[in-house]
Amino acid sequence: MKKNVKVLLAGLALIYLLCMVVYGYMHDGSAKEERCRISVIVYGTNLDRWAFMREGISQGAKDFGAEVSVINMSSEADAKEQIDLLSREIENGAQGILMAAADSEAVNEAVTAATAKVPVLMIETGIKDSDKTLGLLAADDYGMGKMLGEMVGSEHRKIALIYEYTERDSVKRRYQGFMDGVGEDADVLLWERGEGDFRLSLYIDKMYRMEGDGRALVALDDVALEQTLDAVTEIREKKHREESPEHMQQAPEVYGIGATDKIVYYLDKGSIGGLVFQNEFSIGYLGMEQMVNYLDNEASVRQMQEISIEYYKATRENMYDPELQRLLFPIVQ
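Conventions and cut-offs
Residues numbered from 1 in each chain as written. Predicted model: local features only at pLDDT ≥ 70, side-chain atom pairs only at ≥ 80, totals over all residues. Heavy atoms only, no water. 1 Å grid on protein atoms, 1.4 Å probe; cavity = no way out; pocket = protein on both sides within 12 Å on 5 of 7 lines; lining within 4 Å. Points joined across faces, edges and corners; volume = space filled by probe spheres on them. Nonpolar A, V, L, I, M, F, W, Y, C, P; charged D, E, K, R; others polar. Salt bridge = Lys/Arg side-chain N within 4 Å of Asp/Glu carboxyl O. Helix = DSSP H or I, 4+ residues; strand = E, 2+ residues; numbered from the N terminus. Buried < 20%, exposed > 50% of the residue type's maximum accessible area, 1.4 Å probe, protein only. Contact = heavy atoms within 4.5 Å. Axes fitted to C-alpha atoms, helices over the stretch in contact; angles between N-to-C directions. Left-handed = near helix turned anticlockwise from the far one by under 90°. Pairing = 2+ DSSP bridges. Polar contact = N/O pair within 3.5 Å; in protein donor to acceptor, adjacent residues only side chain to side chain. Phe/Tyr/Trp six-rings, centres within 6.5 Å; stacked < 30°, edge-to-face > 60°. Lys NZ or Arg CZ within 6 Å of the ring centre and 35° of its normal. Expected span 1.5 Å × (residues − 1).

> Help me out: how do you make sense of the layout of surface pockets in this one?
Space left empty within the atom packing is revealed by a probe, the size of a water molecule, rolled over the atoms. One number sums up the size of the largest pocket: a volume of about 310 Å³. Taken together, the residues of the lining of the largest pocket break down into nine nonpolar, five polar and eight charged. Lining the second largest pocket are Y43, G44, T45, N46, R49, W50, E76, Y165, V223, E226 and Q227. Taken together, the residues that form the lining of the second largest pocket break down as four nonpolar, four polar and three charged.

> I'm lost on the pattern of salt bridges in this one. Help?
Any two side chains of opposite charge can pair if their charged atoms end up close together. Scanning the model with the defined rule gives 17 salt bridges in all. Taking the shortest distance from any N to any O, the salt bridge between R168 and D221 comes out at 3.3 Å. Of the two residues, R168 sits in the loop between β6 (158-162) and α6 (169-182) while D221 sits in the loop between β8 (216-219) and α8 (222-240), which places them 53 residues apart along the sequence. Taken individually, R168 and D221 each receive the classification buried, so the pair is uniform in this respect. One salt bridge in this structure joins K262 and D230, with 2.6 Å as the shortest N-O distance. One end of the pair, K262, is in helix α9 (residues 261-269); the other, D230, is in helix α8, with 32 residues separating them in the sequence. Within the structure, one salt-bridge network assembled from shared partners comprises R49, E124, D141, R173, R174, D222 and E280.

> What is the right way to look at the environment of G56 in this model?
Within the secondary structure, G56 sits in helix α2 (residues 51-64). By relative accessible area, which is 0% here, G56 ends up buried. Between the C-alpha atoms of G56 and I283, which are 227 residues apart in sequence, the distance is 7.1 Å. In this structure, G56 is in contact with F281, G284 and Y285, ignoring residues within four places of it in sequence.

> How should the packing of helix α5 (residues 141-153) against α6 be read in this particular structure?
Each pair of packed helices can be described by the angle between their axes along with the distance between the axes. In contact at an axis separation of 6 Å, α5 and α6 are set at 40° when each is read in the N-to-C sense. For the pair α5 and α6, the crossing hand works out as right-handed. Residue-level contacts link D141, Y142, M144, G145, K146, L148, G149, E150, V152 and G153 of α5 to S170, R173, R174, Q176, G177, F178, D180, G181 and V182 of α6. Grouping the constituent residues of the contact of α5 with α6 by class yields six nonpolar, seven polar and six charged.

> Which parts of the structure should I look at to understand the sheet that holds strand β4 (residues 120-123)?
Strands in a sheet are paired, the pairing made by backbone hydrogen bonds, and the direction either parallel or antiparallel. Strand order in this open sheet of five strands is β2-β1-β3-β4-β5, and the pairing throughout is parallel. Since the sheet does not close on itself, it has two edges, and those belong to β2 (66-71) and β5 (136-137), each with one partner. The pairing of strand β1 (residues 36-41) with β2 spans six bridges and is parallel. The residue bridging I41 from the neighbouring strand is I71, located in β2.

> I tried to follow the environment of R199 on my own but got confused; where do I start?
Counting through the fold element by element, R199 comes out in the loop between β7 (187-191) and α7 (200-211). Those residues in contact with R199 that sit more than four places away from it in its chain are R193 and Q227. Side chain to side chain, R199 and S201 meet in a polar contact 3.0 Å long.

> What exactly am I supposed to notice about the packing of aromatic side chains here?
Where two aromatic rings form a pair, the distance of their centres and the angle of their planes describe that pair. In total, this model carries seven aromatic pairs according to the counting rule given. When the ring of F281 is compared with that of Y285, the centres are 6.3 Å apart and the planes differ by 10°; the resulting orientation is stacked. In this pair, F281 and Y285 are both assigned in helix α10 (residues 280-295), four residues apart and thus about one turn of the helix distant. Taking the relative accessible area as the measure of exposure, Y285 reaches 21% and is therefore partly exposed. Taken together through their ring pairs, the aromatic side chains of F64, F281 and Y285 make up a single cluster. Looking at R49, its charged tip hangs above the ring of W50, at a distance of 3.5 Å from the centre. Just above the ring of Y43 sits the side chain of R168; from NZ or CZ to the centre is 3.6 Å.

> For this particular structure, what's the right way to read α6?
The periodicity of an α-helix, 3.6 residues per turn, causes residues three or four places apart in sequence to face the same way. The first and last C-alpha atoms of α6 sit 20 Å apart over 14 residues, in line with the 20 Å expected at 1.5 Å per residue. Buried within α6 we find D169, S170, V171, R174, G177, F178, G181 and V182. Against α5, β6, β7, β8, β9 (254-257) and β10 (272-278) lie the buried residues of α6. Remark: G183 follows α6 within two positions and exhibits a positive phi of approximately 100°.

Have a look at this one:
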């Protein structure tokens, strides 16, 4: 009889232990069955352009317990494609959307309509009615443009500005800041592609031959800056092969906004006079934090709109200063 009681008690103890293990697993934050499903929709065809932001997104997803998908486009700035991606992600069960607008005006209506279904937080580039979303998480574009203008204006008075991707509000504000920063007496030409012009780098090469001698080249976003660097590389190669017109004495100096791997490489080589860039790692990380907090009812819309993203100035001389090195080479750190 005593033996049966002991067996029964041992069995009850085992059942109790198993129940406690299951309970602990179900209530352990590291073993949640359901995680926030967040989609990040960016513009452009190349996810490498977003490498620093994706590092922040990845770290944020890990720290705040989210399942995240980062989606790019098959074209650089097709508003319809981005609207279709937005609809697809919502239909596929995304609980929140982080989005960098391909065309601030063209996607405006679709994004504001989507907020009735899921929360949307704009990142890097907003829309006309960003105040109807959870807000815009980006650096001060006007301030970055003005800083760039002051940098270029202190060294050059003859400038060719690559006027590209102005369908994005961020680029428009950078242009306004640049023109205010460079000064009224600067001789600034706007190079803007029209009908019949092909790849941007080829267009820049053409314009440089026509009216670019002695001018610094300036681009207001990283996509245009990378293609400007492609053009200048070709210009330098032509000069080396002595295929350039005799009056073209030297390749142009380049300035711009952005800090992709490619841009940082050319800065280190000395092919870029200076950069202004925002902390895209911070945009990705804080974007994830704010969206998860919102979904958990821990943050207000007002708190999201008040977040400020830092921006910096980099040259070949200061790019290895500890703070800038950490930002320009985040994957290596």
